[in-house]
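Residues per chain are reported as follows:
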Amino acid sequence: MTEHVEVAVVGAGFAGLGMAIALRRAGRESFVILERAASVGGTWRDNTYPGVACDVPSHLYGFATHPNPDWSGLYATGAEIRRYLERVAAAEHLGDRLRLRTPLLSARWDATSARWTLDTGSGPLTADALVLACGRLTEPSIPEIPGLERFAGPIFHSARWDHGADLAGAHVAVVGTGASAVQLVPRLADVAGHVTLFQRTPAWIVPRGERRYDDTERERFAAHPEELAALRAALYVEGEARYASRSGDAAASAAAREAALTHLAAQVADPALRAALTPDYAFGCKRVLLSDEFYPAVASPAVTLEPSALTAVDGGELVAASGARHRVDALVLATGFISQRQPYADLVTGEHGQTLAEHWAAGMTSFASTVVAGFPNLFVLDGPNASLGHNSAVLMLEEQATYTVRALARRATVPGGVLRVHPDAEADYTAEIARAARTTPWLTGGCDNWYVDRGRLTLLWPGTVDAFRARLARADGSEFTTTPARTGGEDRRST
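If you're wondering where the values come from, they're calculated on a predicted model, not measured in any experiment. (Residues numbered from 1 in each chain as written. Predicted model: local features only at pLDDT ≥ 70, side-chain atom pairs only at ≥ 80, totals over all residues. Heavy atoms only, no water.)

Topic: the confidence of the model for the protein chain
The cut-off we apply is this: The predictor rates its confidence in each residue with pLDDT, a number between 0 and 100. Contact criterion: two residues are considered in contact whenever any of their non-hydrogen atoms come within 4.5 Å of each other.
For the protein chain, per-residue confidence averages 95 on the pLDDT scale, and 97% of positions sit at 70 or higher. Confidence drops under a pLDDT of 50 for residues 487-492, and excluding neighbours within four residues, the segment shows nine contacts in the predicted structure.

So, in structure tokens, the structure goes:
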């Protein structure tokens, strides 16, 4: 017998659990969460490399409905965040809703039944609505480098850390200088015999200012939730203020750039090394990183900076774009994720026989960063233009979940309970994003970044969280049509 639910949620990381919380608060109990892994946690379950931590303050990187007085410090470790998500799932009593070890193999809109038909490999499942809460940092990006597959030693991506590899005393190469590399290189420098770091492009790095919360502080947070709420509010305001420097405000960007250069000068004495670590693009063009340990590690005898890309692998030797050759014992790829073209998009087929990947062939598009034309009753969390470079992504997920619940309530007022996004609404929203992003450093700052796909900003929201909340609040249902597009009949927006 085919199981049927109102809502099928794919993914049990922050997005999936946040969606479940919103459904529960709205009194909607007919839902399941499909998770391909054996536990909840998403990226914080999968990333276990040495030094993995969040770069958003811990008391802001959590659900508003589940404050945590026990964070160990200003920034939480990856293991802490995974435990937090496990506790949230338990507190929300999601055990009977979770379908662990149940990957989404395909999802197809059935026009006859006006439902989504899902194949999970564990029996048929249908749902009135489908929520893709799969995240954007899930599938490692493996560079196409000649000879890589023939590397003689251990080789793995930072997001698939091989804890069985003995790196003590080994000469380890790390490819990449993004967020993961900045965290793991100092830890590797402590145990490896030597680390060679391949840097294609340096990052803007600002002080992290890490501090630990002592027992007294944590006890006070637990005893006085109003203090914890006040701290979260203050951290939120600080985060929103960072938007100016990340988005190209002249004065704010200049001040942040100067702070980053001062940080570099204070930690790297060698002028040649300092020059190699200095970006030549606008502040904010790429993700701004936080670290107090990376520069000292790179400046130490334990690390050699190769200021060019890895171009080839010749047995146990790595060949750099500079022509230098480095013989190493192990290779770590800190090369990021497939984020611009979401892997799940190939699995989802809408009402016109087009996959989500085909719909996004020119880059991801949506309305309200959440719903997509041609895909009825489909909601995408943390997808097109829903990421941030200045504040907590959890805040965006919560807003998207709120919008989704509001839209689900609207199903009762439309024919057949089918919410179809008007193509014009998606096009208008996409144009709105383009106008807001036109002069930002993400498009004009002189760098290549993963926020942009084929010349268009597709991942980042070009505004504050406040602006996103206000934009979604203005969505009044007129984004939906009452008839399928391209199938005849009048194409009217619902009211």
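Describing the packing of aromatic side chains
Keep this limit in mind: Here a Phe, Tyr or Trp ring, Trp counted by its six-membered ring, pairs with any other such ring whose centre lies within 6.5 Å, and the pair is stacked when the planes are under 30 degrees apart, edge-to-face when over 60, and tilted otherwise. Note on conventions: DSSP H or I runs of at least 4 residues are helices, E runs of at least 2 residues are strands, and numbering of each starts at the N terminus. Note on classification: 1.4 Å probe, protein chains only; a residue is buried when its accessible area is under 20% of the maximum for its type, exposed when over 50%, partly exposed between these limits. As a reminder, the over-ring test applies to NZ of lysine and CZ of arginine, requiring each to be within 6 Å of the ring centre and within 35 degrees of the ring normal.
Applying the stated criterion across every chain, the model contains 15 aromatic pairs. Consider the rings of F14 and Y61, whose centres lie 4.9 Å apart with planes at 70°: the pair is edge-to-face. Here the residue F14 occupies a position in helix α1 (residues 14-25), and Y61 occupies one in the loop between α2 (43-46) and α3 (78-91), the gap between them amounting to 47 residues. On the basis of relative accessible area, F14 is assigned to the buried category, the value being 8%. Relative accessible area serves as the criterion here: at 12%, Y61 is assigned to the buried category. An aromatic cluster is defined as three or more aromatic residues linked by ring pairs; in this entry it consists of F14, W44, Y61, F63, W71 and Y84. The ring centre of F31 lies 5.2 Å from the NZ or CZ of R97, which sits over that ring.

Brief notes about the packing of α1 against α3
The cut-off we apply is this: Where helices are involved, their axes are fitted lines through C-alpha atoms of the stretch in contact, as for all axes, and angles between N-to-C directions lie from 0 to 180°. If an angle is under 35 degrees, it is roughly parallel; if it is over 145, roughly antiparallel; if it lies from 65 to 115, roughly perpendicular; otherwise it is oblique. Here is the rule for handedness: rotate from the far helix to the near one, and if that takes an anticlockwise turn smaller than a right angle the crossing is left-handed, while a clockwise turn gives right-handed. Only Asp, Glu, Lys and Arg are considered charged in this grouping, and only Ala, Val, Leu, Ile, Met, Phe, Trp, Tyr, Cys and Pro are considered nonpolar; every other residue, Gly among them, is considered polar.
Remark: α1 packs on α3, axes separated minimally by 11 Å, with the N-to-C direction vectors making an angle of 25°. In terms of axis orientation, α1 runs roughly parallel to α3. Crossing of α1 against α3: the hand is left-handed. Across from F14, L17 and I21 in α1, the residues of α3 making contact are I81, Y84, L85, V88 and A89. Residues of the contact of α1 with α3, tallied by class, amount to eight nonpolar, no polar and no charged.

Some details on the pattern of salt bridges
Applied cut-off: A pair is scored as a salt bridge if a Lys or Arg side-chain nitrogen falls within 4 Å of a carboxyl oxygen belonging to Asp or Glu.
In the structure shown here, the tally under the stated rule is 30 salt bridges. The salt bridge partner of D55 is R287, with a shortest N-O separation of 2.6 Å. Of this pair, D55 sits in the loop between α2 and α3 while R287 sits in the loop between α8 (271-276) and β11 (289-290), placing them 232 residues apart in sequence. On the basis of relative accessibility, which here comes to 22%, the residue D55 falls in the partly exposed class.

A short note on the environment of L60
Turning to its location among the elements, L60 is positioned in the loop between α2 and α3. For L60, a relative accessible area of 1% gives the class buried. Those residues within four positions of L60 in sequence are excluded, and the remaining contacts are R232, L235, Y236, N391, S392 and L395.

Structural notes on the sheet that holds strand β15 (residues 325-327)
To keep things clear, this is the line we draw: The rule for pairing is simple: two strands pair if DSSP sees at least two bridges between them.
A sheet is described by the order of its strands in space; here three strands give the open sequence β13-β14-β15, paired in antiparallel fashion. The sheet is open, and its two edges are formed by β13 (310-314) and β15, each paired on a single side. Direction aside, neighbouring strands of the sheet carry axes that sit 25° apart on average. Sheet topology note: the β13/strand β14 (residues 317-320) ladder contains four bridges and is antiparallel. Opposite L310, over in β14, you have A320 as the bridge partner.

Remarks on the nonpolar core
Cut-off, in case you're wondering: Put simply, a nonpolar core is a bunch of buried Ala, Val, Leu, Ile, Met, Phe, Trp, Tyr and Cys residues held in one set by side-chain atoms that sit within 4.5 Å of each other.
Membership of the largest hydrophobic core comes to 110 residues, with the highest contact counts inside it found for F14, M19, I33, F63, I81, V174 and F367. The dominant element in this core, judged by the number of residues it contributes, is helix α11 (residues 393-410), at nine residues. If we skip the residues at most four places from it in the chain, F63 touches F14, L17, G18, I21, Y84, L85, V88, R232, V394 and E398. The next biggest cluster of nonpolar side chains, apart from the first, holds 26 residues, and it includes A8, W109, L132 and L459.

Comments concerning the environment of F468
Within the fold, F468 resides in helix α14 (residues 465-473). Residue F468 is classed as buried on the basis of its relative accessible area, which comes to 0%. Sequence separation between F468 and L261 is 207 residues, and the spatial gap between their C-alpha atoms is 31 Å. If near-sequence neighbours (up to four positions away) are discounted, F468 is found in contact with A368, S369, N385, M396, E399, Q400, Y429 and W461.

Quick look at unusual backbone geometry
At D382, a position not held by glycine, the phi torsion is positive, near 60°. Looking at D382, the relative accessible area reads 11%, which means it is buried. At N385, a position not held by glycine, the phi torsion is positive, near 50°. Here N385 lies in the loop between β18 (378-380) and α11. With a relative accessible area of 4%, N385 lands in the buried category.

So, the sheet that holds strand β12 (residues 303-306)
In spatial order, the strands read β7-β16-β8-β9-β12; together these five strands make up an open sheet with parallel pairing. The open sheet has two edge strands, β7 (155-157) and β12, and neither has a second partner. Mean inter-strand twist for the sheet, computed between neighbouring axes without regard to direction, equals 20°. With three bridges joining them, β7 and strand β16 (residues 330-333) adopt parallel strand pairing. When the sheet's bridge partners are listed, H157 is paired in β16 with L333. Lying over the sheet, helix α4 (residues 179-191) contacts β8 (171-175), β9 (194-198) and β12, oriented at roughly 175° with respect to β8.

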